[in-house]
Amino acid sequence: MQKKYVVRLTGEEREHLAAVVKKLNGTSQKVRRAQILLKADAEGPGWTDRQIAEAFGCRTKTVENVRQHLAERGFEQTLNGMKRPDPPTPKLLDGAQEAKVIATRLGPPPAGYANWTLRLLACKAVELSIVGSISHETVRRTLKKAA
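The paragraphs below set out a description of the structure included in this document. Please read these numbers as outputs of a predicted model, since none were measured by experiment.

Here we take up helix α2 (residues 28-40). A rise of 1.5 Å per residue sets the reference length of α2, with its 13 residues, at 18 Å; its end C-alpha atoms lie 18 Å apart and thus fit the reference within 8%. Residues of α2 that are buried include every one of K30, V31, R33, A34, I36, L37, L38 and A40, and no others. Buried residues along α2 sit in contact with α1 (11-23), α3 (49-56), α4 (60-73) and α5 (75-80).

Here it is, written out as structure tokens:
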């Protein structure tokens, strides 16, 4: 079957990939992509997708995806992967809200308490209308990040 995305590497790209594989330079994903690209090179070994998948312990779909990404995204982005533009879950507190929670924590605790607890801070943040609802775990992460 004719391959839709054929890998043709330049000499410079081949040298770069060989250096990544030899030195294990980067993440394991980066090294695996480099190995796949080197073996899939039409001017090099030109292995089939099945041979590559068996040699490196991955699926043939992975090899196909690496080929496709090289054609669509270019060499650097294929090798290093894409950065996620946004986090998988949005932030619950913005910077101003975080500052208010931290300022509340630095103030005196409510009457009858010696120290602020995370649950008290969460209740106080809702009470002061800093945020509609918040868990003590979010307060903990905010304070840990600020510390």
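In this fold, T104 is placed in helix α6 (residues 95-106). A distance of 2.7 Å separates a polar side-chain atom of T104 from the backbone oxygen of K100. Excluding residues that lie within four positions of it along the chain, T104 makes contacts with W116, L121, K124, L128 and I130.

To continue, consider the pattern of salt bridges. Side-chain pairs of opposite charge can arise whenever the charged atoms involved come near each other. Considering all chains together, one arrives at 7 salt bridges under this definition. Its salt-bridge partner being E43, residue R8 comes within 3.2 Å of it at the nearest N-O pair. Here R8 is found in the segment before α1, whereas its partner E43 is found in the loop between α2 and α3, with 35 residues between them in sequence. No difference in accessibility class separates R8 from E43, as the two residues are exposed. A salt bridge links E127 to K124; the nearest nitrogen and oxygen atoms lie 3.5 Å apart. Here K124 and E127 lie together in helix α7 (residues 118-127), a separation of 3 residues that amounts to about one turn. With relative accessibility at 57%, the residue E127 sits in the exposed group. The exposure class of K124 is partly exposed, given its relative accessible area of 28%. Linked by salt bridges that have partners in common, K91, E98 and K145 make up one network.

Our focus in this paragraph is the packing of α1 against α2. Contact geometry of α1 with α2 gives a least axis separation of 9 Å together with a crossing angle of 135°. The angle between the axes of α1 and α2 places the two elements in the oblique class. Considering only the axes of α1 and α2, their crossing is left-handed. Along the contact surface, α1 presents R14, L17, A18, V20 and V21, while α2 presents K30, V31, A34, Q35, L37 and L38. Taken together, the residues of the contact of α1 with α2 break down into 8 nonpolar, 1 polar and 2 charged.

This brings us to α1. The end-to-end C-alpha separation of α1 is 18 Å, in line with the 18 Å expected for 13 residues at 1.5 Å each. L24 occupies a position one or two residues after α1 and carries a positive phi of about 50°.

Turning next to unusual backbone geometry. At L24, a position not held by glycine, the phi torsion is positive, near 50°. Considering the arrangement of structural elements, one finds L24 in the loop between α1 and α2. For L24, a relative accessible area of 58% corresponds to the exposed category. Phi is positive for S129, which is not a glycine, with a value near 60°. On the basis of relative accessibility, which here comes to 60%, the residue S129 falls in the exposed class.

In the contact formed by α6 and α7, the axes pass within 10 Å of each other and the chain directions differ by 120°. Considered as vectors, α6 and α7 are oriented oblique to each other. Seen from above, α6 lies across α7 with right-handed handedness. The segment α6 lies against α7, with V101, T104 and R105 engaging L121, K124 and A125. Of the residues assigned to the contact of α6 with α7, the class counts are 3 nonpolar, 1 polar and 2 charged.

Conventions adopted
Residues numbered from 1 in each chain as written. Predicted model: local features only at pLDDT ≥ 70, side-chain atom pairs only at ≥ 80, totals over all residues. Heavy atoms only, no water. Helix = DSSP H or I, 4+ residues; strand = E, 2+ residues; numbered from the N terminus. Expected span 1.5 Å × (residues − 1). Buried < 20%, exposed > 50% of the residue type's maximum accessible area, 1.4 Å probe, protein only. Contact = heavy atoms within 4.5 Å. Polar contact = N/O pair within 3.5 Å; in protein donor to acceptor, adjacent residues only side chain to side chain. Salt bridge = Lys/Arg side-chain N within 4 Å of Asp/Glu carboxyl O. Axes fitted to C-alpha atoms, helices over the stretch in contact; angles between N-to-C directions. Parallel < 35°, antiparallel > 145°, perpendicular 65-115°, else oblique. Left-handed = near helix turned anticlockwise from the far one by under 90°. Nonpolar A, V, L, I, M, F, W, Y, C, P; charged D, E, K, R; others polar.

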